[in-house]
Amino acid sequence: MPYEDPSPKNVTSQVEIGVFLSIFKLPKPMPEEMSIFPRIALKPEVHDYLRNVFINKEVLAAVSQGEAEQRFQRLLSCLSHPPALTCVRASTHLASLEEIQHRLGEELKQQQKCDSQSEDISVTILPHPHIPDVLLLPVIGPRPVVQLSSEVIVGAQCGSAVLRGAHVFAPGILATPKFMKTGDAVSVFSDLEGKCTRGNKDFKGKKVFVGNGVAEMDRSNIFCSDEPVKGVGIRMVEPLYQSPSFDGVLPSLAFLQNLPSVVVGHVLGPRPGERILDMCAAPGGKTCHIAALMGGQGEVVALDKIRGKVERIRQNAKALHLDCIKAHCFNSIKAVCTDQAQDTEGPPFPPQSFDRVLLDAPCSGLGQRPSMVCTWNLKEICSYQPLQRKLFHTAVRLLKRGGVLVYSTCTVTLSENEEQVAWALNTFPCLTLQPQEPHIGAEGMLGAGLSPEQLRLLQRFSPELGWSAAEARGEDDSPTEQPESPTPLAHRANKDTIGFFIAKFLKS
């Protein structure tokens, strides 16, 4: 059912926090000279553009050049490393958080027992101290894993998934040893520059080590099959970062989702009986979260341009027993019509058709982690701002007076975040910024001409700000902190995230 007020069952106990901290001390971010991975690789023009974002005139009026430069360099290092905790959104409309927590723990323990080659690592799962439908699992690493002589090369996207707990699925494999057979122990490397051709036997390009695994297929099965190969190709048994694989684990109760993406649903604040629009809905995680927060009472309209993704949203909604979701394959830019007699069951819709609108906009994605390389040029990076503004125009027209509009991205640029807010406030006098609940990220970033009050109303998840000076030196900056305090867990969970941005508006 929709969450309204904290209840004792959703509050992490002091004992649980103490157990968590005694079992596992969260890993500290490492300074660049100690980092297991290099900073994210960007094209020179993109690097310079992003550096200018973080060292703009407003920032330099508030902090020194050295401090601004240090923040930017920390960001580049953060982006190539995974967050320290895995976030799971629990389907609390189907079961209590405690029941899901218990069942998830049992499933993951069983997973370890079934994998005879996996290390016996205790599974620690705790509720988020402030968000009632989030469970947190520590990511252990980087671990001292010894590289093997047999190497498998995977694509960058596959390598990133491995760093967050996934096994290597066959489509992600680019190169293997010439005579690799099922059962062979291999080291897995991620292609840094996208230069490895499929079927390569001895790749010499830039790569990074992500762990060791065991082949589940022969090389011939992976590359010589007439049909596209599916399934696990390499089962990771010694990943560099240890995190459970969630493949097939409680699919209707436990949903892997980055913490800021869960926060968006709560900030939107859906209420039972309302009609809500998710404009760019795929893959549907936020859509389903909104419907769950409403207790399935009302209507959530989800739009996306790609038919296959729309069908996936429908499948997820069915699996989660969320009958209030209506998914349509449609271009959201064209989702408003002027004919008041238009059938409002499907797009386009008359103006002021929705109580709340979520615009989780297409963006450059420069906040995603882990990401060791971005191959986009500057033109591609800057191509999203005009699209976002077109979508914004439609969102405002479709929103009822007195309704709420939430705008979010998973990027770190000013042009797609704070500058869009400044533009929206100037373009739409009917919009005013609103406080966000929960507000667990940092405030907005200087550089877009917004006032301090406006910046405080924005929420920017900035992982580089979670790297304190003491942590960067490999020291503990809280030696006197009591083990039972929830602060260490909350601080790392809230700060060590992907880069993300949220703005909440009210239409008067």
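Report on the accompanying structure.

Rules used in this analysis
- Residues numbered from 1 in each chain as written.
- Predicted model: local features only at pLDDT ≥ 70, side-chain atom pairs only at ≥ 80, totals over all residues.
- Heavy atoms only, no water.
- Axes fitted to C-alpha atoms, helices over the stretch in contact; angles between N-to-C directions.
- Helix = DSSP H or I, 4+ residues; strand = E, 2+ residues; numbered from the N terminus.
- Parallel < 35°, antiparallel > 145°, perpendicular 65-115°, else oblique.
- Left-handed = near helix turned anticlockwise from the far one by under 90°.
- Contact = heavy atoms within 4.5 Å.
- 1 Å grid on protein atoms, 1.4 Å probe; cavity = no way out; pocket = protein on both sides within 12 Å on 5 of 7 lines; lining within 4 Å.
- Points joined across faces, edges and corners; volume = space filled by probe spheres on them.
- Nonpolar A, V, L, I, M, F, W, Y, C, P; charged D, E, K, R; others polar.
- Pairing = 2+ DSSP bridges.
- Disulfide = S-S within 2.5 Å.
- Buried < 20%, exposed > 50% of the residue type's maximum accessible area, 1.4 Å probe, protein only.
- Salt bridge = Lys/Arg side-chain N within 4 Å of Asp/Glu carboxyl O.
- Phe/Tyr/Trp six-rings, centres within 6.5 Å; stacked < 30°, edge-to-face > 60°.
- Lys NZ or Arg CZ within 6 Å of the ring centre and 35° of its normal.
- Right-handed = clockwise from strand over helix to strand, strands pointing away.
- Core = buried A, V, L, I, M, F, W, Y, C linked by side-chain atoms within 4.5 Å.

1. Some remarks on the packing of helix H2 (residues 44-54) against helix H4 (residues 65-79)
1) Next: In the contact formed by H2 and H4, the axes pass within 9 Å of each other and the chain directions differ by 130 degrees. Compared by their axis directions, H2 and H4 come out oblique. The chirality of how H2 crosses H4 is right-handed. Contact residues: H2 offers His47, Leu50, Arg51 and Phe54, while H4 offers Gln65, Ala68, Glu69, Arg71, Phe72, Leu75 and Leu76.

2. Some thoughts on empty space enclosed by the protein
1) Next: According to the stated counting rule, one finds two cavities of 30 Å³ or more in the structure shown.
2) Next: The calculated volume of the second largest cavity comes to roughly 80 Å³.
3) Next: What lines the second largest cavity is Pro83, Leu85, Cys87, Leu136, Arg164, Asn258, Leu259, Ala493, Asp496, Thr497 and Ile498.
4) Next: Its residues placed into classes, the lining of the second largest cavity shows seven nonpolar, two polar and two charged.

3. Considering the sheet that holds strand S9 (residues 232-239)
1) Next: Across the sheet, six strands lie side by side as S5-S9-S8-S7-S4-S6; this open sheet has mixed pairing. Only two strands of the sheet have a single partner each, and these edge strands are strand S5 (168-169) and strand S6 (173-175).
2) Next: Summarising the sheet, strand S8 (residues 207-215) and S9 pair through five bridges and their orientation is antiparallel. Paired with Val214 across the bridge in S9 is Arg235.

4. Thoughts on the state of the cysteines
1) Next: Under the definition given, this model contains zero disulfides.
2) Next: Free cysteine: Cys410, not disulfide-bonded; nearest cysteine sulfur from Cys363 at 3.5 Å.
3) Next: Here Cys410 falls in the buried class, since its relative accessible area comes to 17%.

5. A short note on the environment of Phe255
1) Next: Positionally, Phe255 belongs in strand S10 (residues 254-256).
2) Next: For the pair Phe255 and Ser91, spaced 164 residues apart in the sequence, the C-alpha separation amounts to 7.7 Å.

6. Notes on the pattern of salt bridges
1) Next: Applying the stated criterion across every chain, the model contains 16 salt bridges.
2) Next: Note that Arg103 and Glu99 form a salt bridge whose closest N and O atoms lie 3.8 Å from each other. On the criterion of helical spacing, the pair formed by Arg103 and Glu99 is a turn pair, its members being four residues apart in helix H5 (residues 97-114).
3) Next: In this structure Glu99 comes out as partly exposed when scored by relative accessible area, which is 37%.

7. Quick word on the pairing of S8
1) Next: Of all nine residues making up S8, eight are buried, and the element is well covered by its neighbours.
2) Next: When strand S7 (residues 185-191) meets S8, the two strands line up antiparallel, connected through seven bridges. Its bridge partner being in S8, Phe189 is matched across the sheet by Phe209.

8. Observations concerning the packing of aromatic side chains
1) Next: With the rule as written, the count across this model stands at 10 aromatic pairs.
2) Next: Note on Phe392 and Trp423: the rings are 5.7 Å apart at their centroids and 85 degrees apart in plane angle, and the pair reads as edge-to-face. Within this pair, whereas Phe392 is found in helix H12 (residues 384-398), its partner Trp423 is found in helix H13 (residues 418-427), the two being separated by 31 residues in sequence.
3) Next: The exposure class of Phe392 is buried, given its relative accessible area of 1%.
4) Next: Trp423 gets classed as buried once you look at its relative accessible area, which sits at 16%.
5) Next: Here Phe392 and Phe428 contribute two aromatic rings whose centre-to-centre distance is 6.0 Å and whose plane-to-plane angle is 15 degrees, an arrangement assigned as stacked. Of this pair, Phe392 sits in helix H12 while Phe428 sits in the loop between H13 and strand S16 (431-433), and the two are 36 residues apart along the sequence. In this structure, Phe392 and Phe428 share a single accessibility class: buried.
6) Next: Feature note: the residues Phe392, Tyr407, Trp423, Phe428 and Phe505 constitute an aromatic cluster, connected by ring pairs.
7) Next: The positively charged end of Arg89 is found above the aromatic ring belonging to Phe255, 4.8 Å away from the centroid.

9. Overview of the pairing of strand S11 (residues 275-278)
1) Next: Here S11 shows a buried face lined by Arg275 and Leu277 and a second buried face lined by Ile276 and Asp278.
2) Next: Pairing analysis gives four bridges linking S11 to strand S12 (residues 299-304), with the strands arranged parallel. Looking at S12, one finds that Leu277 is bridged to Val301.
3) Next: In terms of handedness, the path from S11 via helix H9 (residues 285-293) over to S12 forms a crossover that is right-handed.
4) Next: Direction of pairing for S11 relative to strand S14 (residues 354-360): parallel, over a ladder of three bridges. What sits directly across from Asp278, in S14, is Leu358.

10. Things to note about the environment of Met445
1) Next: Tracing the chain through its elements places Met445 in the loop between S16 and helix H14 (452-457).
2) Next: Between the alpha carbons of Met445 and Arg456 there is a distance of 9.4 Å; along the sequence they are 11 residues apart.
3) Next: Here Met445 is in contact with Val53, Phe54, Asn56, Val59, Arg71, Leu414, Glu418, Leu455 and Arg460, once residues within four sequence places are set aside.

11. Things to note about the sheet that holds strand S1 (residues 85-90)
1) Next: Taken in spatial order, the four strands of this open sheet run S2-S3-S1-S10, and their pairing is antiparallel. Across the chains shown, the open sheet's two edge strands, defined by having one partner strand only, are strand S2 (126-127) and S10.
2) Next: Pairing of S1 with strand S3 (residues 134-138) involves five bridges; the strand directions are antiparallel. Bridge pairing in S3 links Arg89 to Val134.

12. Remarks on the nonpolar core
1) Next: Of all hydrophobic cores here, the largest spans 41 residues; its most connected members are Val263, Ile325, Val406 and Ile502.
2) Next: By residue number, the principal contributor to this core is helix H8 (residues 259-268), which donates six residues.
3) Next: Core analysis: the next-biggest nonpolar cluster, separate from the first, contains 36 residues, Val336, Leu359, Leu391 and Ala503 among them.

Read these as spatial facts, not as claims about activity.
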